[in-house]
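These are the residues of each chain, in order.
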Amino acid sequence: AVVSTQSTGVRENDEKRTWLDLPPLIAPTKCSVLPLSSSPEFAPFVKDLSAALRKLGIPNKVEDSSGSIGRRYARTDELGIPFGITIDFDTVKSNTVTVRDRNSCSQIRVPVSDTADLINKLCTGQTTWAGAKDTYPEFIGQESNN
């Protein structure tokens, strides 16, 4: 695949935040799995979700490096990873995760049991981000730029 300058974007009001706009079908890594912190209670969710994605043939990257969630989103955006799955304290309480779209930065709350299948459908064109937003509740959270 040839990547041109037309394949990059810049966040509104933040010219330092860019992203590689690879369509999900051709992105080498389809999604990132991002635990909010290094809390041990997140580990089983990270392991199980990553395994469920791999079982469906979905290349994914566990992004558990140090830094705020905003910085980690920015790193995965620059790599062209179309979707991010965030595991947080609500995951432990309600068995749901936040799924984030790279281009719009919008987020939805999805049951853990639906997540791998949703990412598969998004990456293969069986559904769109707009369709996912119609199915699952929007998540309005804080995205830190620290």
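Scroll up to find the structure this text is about.
About the cut-offs
- Residues numbered from 1 in each chain as written.
- Predicted model: local features only at pLDDT ≥ 70, side-chain atom pairs only at ≥ 80, totals over all residues.
- Heavy atoms only, no water.
- Axes fitted to C-alpha atoms, helices over the stretch in contact; angles between N-to-C directions.
- Helix = DSSP H or I, 4+ residues; strand = E, 2+ residues; numbered from the N terminus.
- Left-handed = near helix turned anticlockwise from the far one by under 90°.
- Contact = heavy atoms within 4.5 Å.
- Nonpolar A, V, L, I, M, F, W, Y, C, P; charged D, E, K, R; others polar.
- Core = buried A, V, L, I, M, F, W, Y, C linked by side-chain atoms within 4.5 Å.
- Buried < 20%, exposed > 50% of the residue type's maximum accessible area, 1.4 Å probe, protein only.
- Salt bridge = Lys/Arg side-chain N within 4 Å of Asp/Glu carboxyl O.
- Pairing = 2+ DSSP bridges.
- Right-handed = clockwise from strand over helix to strand, strands pointing away.

This next bit is on the packing of helix α1 (residues 43–55) against helix α4 (residues 112–124). Between α1 and α4, the shortest axis-to-axis distance is 9 Å and the interhelical angle comes to 35°. Two packed elements cross with a definite hand, and for α1 against α4 that hand is right-handed. Contacts between α1 and α4 involve Phe45, Leu49, Ala52 and Leu53 from the first element and Val112, Thr115, Ala116 and Ile119 from the second. Here the contact of α1 with α4 is composed, by residue class, of seven nonpolar, one polar and no charged.

This part covers the nonpolar core. Formed by 24 residues in total, the largest nonpolar core has its most connected members in Leu53, Ile85, Ile87, Val99, Ile108 and Ile119. Elements represented by at least two residues in this core include exactly β3 (31–35), α1, β5 (83–87), β6 (96–101), β7 (107–111), α4 and α5 (129–135). Per element, the largest residue contribution to this core is six residues, and it comes from α4. Beyond its immediate stretch of four places on either side in the chain, Ile108 contacts Val97, Thr98, Val99, Leu118, Trp129, Ala132, Lys133, Tyr136, Pro137, Glu138 and Phe139.

The next subject is the pattern of salt bridges. Within the structure shown, the criterion is met by six salt bridges. Residues Glu63 and Lys61 are paired through a salt bridge, measuring 3.9 Å at the closest nitrogen-oxygen approach. Note on Glu63: relative accessible area 6%, which makes it buried. The salt bridge partner of Glu63 is Arg75, with a shortest N-O separation of 3.8 Å. Linking Glu63 in the loop between β4 (60–62) and α2 (69–78) with Arg75 in helix α2, this pair joins segments that are twelve residues apart in sequence. One connected set of salt bridges, linked through shared partners, spans Lys61, Glu63 and Arg75.

This brings us to the pairing of β3. Counting buried positions over the five residues of β3 gives five, a clear majority of the element. Taking every second residue as pointing to the same face, both faces of β3 are buried, with Cys31, Val33 and Pro35 on one and Ser32 and Leu34 on the other. Taken together, the three bridges between β3 and β4 define a ladder with parallel strand orientation. Residue Val33 lies in a different strand from β4, and its bridge partner there is Val62. With α1 bridging β3 and the parallel β4, this β-α-β connection has right-handed handedness.

Another aspect to go through is unusual backbone geometry. Phi is positive for Asn95, which is not a glycine, with a value near 55°. Counting through the fold element by element, Asn95 comes out in the loop between α3 (89–94) and β6. Relative accessible area serves as the criterion here: at 42%, Asn95 is assigned to the partly exposed category. Phi angles above zero are rare outside glycine, and Cys105 is one such case at about 65°. The residue Cys105 is located in the loop between β6 and β7 in this model.

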